Amino acid sequence: MKILVINAGSSSLKYQLFDMENEEVLAKGNCDRIGIDGVFSYKAPGKDVSIEKDVAFPNHTVAANKVLETLVDPEIGVISDVSEIGAAGHRIVHGGSFFMEATLVDSDEVVEKIEACKTLAPLHAMPNAAGIRACRQAMPNIPHVAVFDTAFHSTMPDVAKTYALPRDLCEKYSIKRYGAHGTSHKYVSQKTAEYLGKKPEELKMVTLHLGNGSSITAVDKGRCVDTSMGLTPLAGPLMGTRCGSIDPAIVPLLLDNELVKDEKTGEMRHMNGTELNNIMNKKSGVFAVSGGYSDFRDLEARANNGDEACALALEMFGYQCKQIMAGYIAILGGVDCIVFTAGIGENGPTTRRNVCKGLLEPLGIEIDEEANQIRGTVDITGKNSKIKVLVIPTNEELMIAKETLAVATR
Ligand code: ADP
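Residues numbered from 1 in each chain as written. Predicted model: local features only at pLDDT ≥ 70, side-chain atom pairs only at ≥ 80, totals over all residues. Heavy atoms only, no water.

A. How the structure looks around the overall build of the protein chain. The secondary structure content of the protein chain amounts to 15 helices and 16 strands. Computed over its C-alpha atoms, the radius of gyration of the protein chain comes to 22 Å, within 12% of the 22 Å expected for a compact globule of 410 residues. Looking at the protein chain as a whole, 49% of its 410 residues are labelled buried. Looking at charge distribution, the protein chain has the averaged site of its 43 positive side-chain charges lying 3 Å from that of its 53 negative ones. (Helix = DSSP H or I, 4+ residues; strand = E, 2+ residues; numbered from the N terminus. Rg over C-alpha atoms; globule rule 2.2 N^0.38 Å. Buried < 20%, exposed > 50% of the residue type's maximum accessible area, 1.4 Å probe, protein only. Lys, Arg positive; Asp, Glu negative; His and termini not counted. Charge placed at Lys NZ, Arg CZ, Asp CG, Glu CD.)

Set out below in structure tokens:
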């Protein structure tokens, strides 16, 4: 079956068409700057096609139609008719308390529930739903499946997912740990089992998805038992521009004391929650500590040239990831392997070294420095290590396609 995977953001609609016979990507690209000036990109790997041009995308529906039109284009297309697409899989950031697993979108009610998660995922819920609506309109005769980033974490026990706030408030606002990056953690945990020639049920592991956003997950027998992101993707280690977990009392301290200039009136007033949330999400993390650098390549280059603030940011990142990882090893009662993935996890030997250094004696973890320099799927376990340390590239789109296939053919 051919499956179209859609990842709709507020101003973009990313797509990948898979042939699930061999899990090959037939075409992929992005409809970017939807509602602005519209930029369309398309790549069909086998055909050596790559186009990028200005197109008017007033909304997600026009963008979805542009994707289908291009996929069947007689010159650059990869299928002869839209009916060759057997199902569409949609990446949905938050399933709230409604969705514990990939779900067939067989009614408007499913889409409405995704929209109802907008308080939990303010940036993503509405665009995710708009993507589904647009694609259901463009492809009304195929199954559409919603695949939730939060689903893999729904197996967390109460001890890991409950916040110690008054119960009535938690219930009123659906406050609990949901986690994020679940599709990636699920994919790499399954791939790791495959790589080791074992079943997921036979393994305990900690998976570290380290990218612009970073999360760490404890996986026991293929199921998530704890994860570092919380109600929102702000919790956990400090990240590119997110502060990570901080003392919650910092929030009222800043709200009560920090004054900002009101854009409309020009008067000084107290900072509001939205403004502080923006600071914690977009102006904090290694970006703040380093004095303006969020890309780990820049941080490493500058730290190597003696920039102390960048060195501190890198050190803090390794420190906090190590702290969470070691906590999960204790929770799991030991692990078989540690797995690094995503932009930094896959490409950052310095971070992997920082996270694992000094752990041979206390936890039996050591990495092999030579292997640590290799790219791709690689075993970087040191010769004295009791625990395997692996780098497994993530592929969230393929995981979405696999889950979509499973639901669509159920
Ligand atoms: P996201 O999907 O969360 O936007 P990615 O998983 O693509 O992020 O990770 C992006 C980050 O990966 C970049 O910000 C950069 O810090 C890091 N990265 C990419 N390549 C390298 C590299 N060669 N060395 C160190 N870090 C890298």
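B. Looking closely at the pairing of strand β5 (residues 49-54). With 6 bridges joining them, strand β4 (residues 39-44) and β5 adopt antiparallel strand pairing. Bridge pairing in β5 places Tyr 42 opposite Ile 51. In textbook terms, the turn of a hairpin is the stretch between consecutive antiparallel strands, and for β4 and β5 this stretch comprises 4 residues, one of which, Asp 48, has a positive phi near 60°. (Pairing = 2+ DSSP bridges.)

C. Just the site of the ligand, in detail. Near the ligand the following residues occur: Gly 211, Asn 212, Gly 213, Asp 295, Phe 296, Arg 297, Ala 342, Gly 343, Ile 344, Asn 347 and Arg 375. A distance of 3.4 Å separates an oxygen atom of the ligand from a polar atom in the backbone of Gly 213. The separation between an oxygen atom of the ligand and a polar main-chain atom of Ile 344 is 3.4 Å. Considered on its own, the ligand offers 580 Å² of accessible surface; in the complex 70% of this is hidden by protein. Elements supplying a minimum of two residues to the shell around the ligand: α10 (296-304) and α12 (342-347). Broken down by element, the residue count for the shell around the ligand peaks at 4 residues, all from α12. (Near = heavy atom within 4 Å. Polar contact = N/O pair within 3.5 Å; in protein donor to acceptor, adjacent residues only side chain to side chain. Areas by Shrake-Rupley, 256 points an atom, 1.4 Å probe, with all protein chains shown as cover.)

D. Layout of the pairing of strand β16 (residues 388-391). Here strand β14 (residues 337-341) runs beside β16; their pairing, made up of 4 bridges, is parallel. Residue Ile 338 lies in a different strand from β16, and its bridge partner there is Val 389. Relative to β16, strand β15 (residues 378-379) runs antiparallel, the two being bridged by 2 bridges. Paired with Val 378 across the strands is Val 391, a residue of β16.

E. Quick peek at the packing of helix α1 (residues 60-71) against helix α3 (residues 125-138). Where α1 contacts α3, the axes come no closer than 8 Å and their chain directions differ by 50°. Classed by the angle they form, the pair α1 and α3 counts as oblique. Both α1 and α3 take part in a crossing whose hand is right-handed. Together, His 60, Thr 61, Ala 64, Asn 65 and Leu 68 of α1 and Pro 127, Ala 130, Gly 131, Ala 134, Cys 135, Gln 137 and Ala 138 of α3 make up the contact between the two elements. Counted by class, the contact of α1 with α3 contains 7 nonpolar, 5 polar and no charged residues. (Axes fitted to C-alpha atoms, helices over the stretch in contact; angles between N-to-C directions. Parallel < 35°, antiparallel > 145°, perpendicular 65-115°, else oblique. Left-handed = near helix turned anticlockwise from the far one by under 90°. Contact = heavy atoms within 4.5 Å. Nonpolar A, V, L, I, M, F, W, Y, C, P; charged D, E, K, R; others polar.)

By themselves, these are just geometric observations and shouldn't be taken as functional.
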